[in-house]
Amino acid sequence: MTDFANLVVAVPGDPTLLELYKAQNDVDSNDTSQDLVLSQYLEMAGAAAESYVDNVIEQRSVTENFSHTRTPVAMRYWPYVDNLVVTIAGEVVTDDFEVYLDDGLGWAVKGTGSSRSCVFEQMTLTYDAGYNPLPADLAFALIQSGGVYSQGSSGGPVSKESIVGVGSVTYDTSDSSGSSVRVGMLPASAVAVLDRYRRMYA
């Protein structure tokens, strides 16, 4: 189960996403009466963002299943963090594998070559992936998206935004024709950030 509201953001003071969201919306930090509903907006924003980037944002355990054994295995979720467990036909074979990283993209590798079984044999990889703490730009995107959910609209184009305690960022929110870009309930300012985190390989 995800808990985006309590994610720590990588900015001075280590605030949670909910604390930054409250500051952005002029909600007193000591007022907890709205925490439940504000947290729900952040959960919806987080789910929409993860769906858009086709990847995990909040760090957690993930599992991949393969019908044929193989090596190397490109891990679907990134950045890879730790705790790889590999099973083949129900047997734990983690010690046979090593993890190699390409700028956060993980590869589970057995030996030094490559191979793929021609017969069906269930292979499972479980590992931790995602962000903890949350990068500041992703916090921007989730806070802006949470604001759209709280307003119940698709939002409008945002060219510049500021969040107390984090800073400001400027976006190009138009396509080549000059039209405003938005995806579902994700505002243009969030999409501009999330595009940098989209999964680019299977």
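Please refer to the structure higher up on the page.
Now for a description of the structure that goes with this document.

Reading across from one edge, β3-β7-β6 is the order of the 3 strands in this open sheet, with antiparallel pairing throughout. Here the strands that pair on one side only, and so sit at the sheet edges, are β3 (73–74) and β6 (97–102). The pairing of β6 with strand β7 (residues 105–110) spans 6 bridges and is antiparallel. The residue bridging Phe97 from the neighbouring strand is Lys110, located in β7.

Here β3 runs beside β7; their pairing, made up of 2 bridges, is antiparallel. Its bridge partner being in β7, Val73 is matched across the sheet by Ala108. Taken together, β6 and the strand that follows it, β7, pair antiparallel across an intervening segment of 2 residues, in which Asp103 is found at a positive phi of about 50°.

So, on to the sheet that holds strand β1 (residues 60–66). Within a sheet, neighbouring strands are paired by backbone hydrogen bonds and run either parallel or antiparallel to one another. Taken in spatial order, the 4 strands of this open sheet run β1-β9-β4-β5, and their pairing is antiparallel. Across the chains shown, the open sheet's two edge strands, defined by having one partner strand only, are β1 and β5 (91–92). Taken together, the 7 bridges between β1 and strand β9 (residues 123–129) define a ladder with antiparallel strand orientation. Opposite Arg60, over in β9, you have Ala129 as the bridge partner.

Rules used throughout
- Residues numbered from 1 in each chain as written.
- Predicted model: local features only at pLDDT ≥ 70, side-chain atom pairs only at ≥ 80, totals over all residues.
- Heavy atoms only, no water.
- Pairing = 2+ DSSP bridges.
- Helix = DSSP H or I, 4+ residues; strand = E, 2+ residues; numbered from the N terminus.

All quantities given are derived from atomic positions and should not be read as evidence of function.
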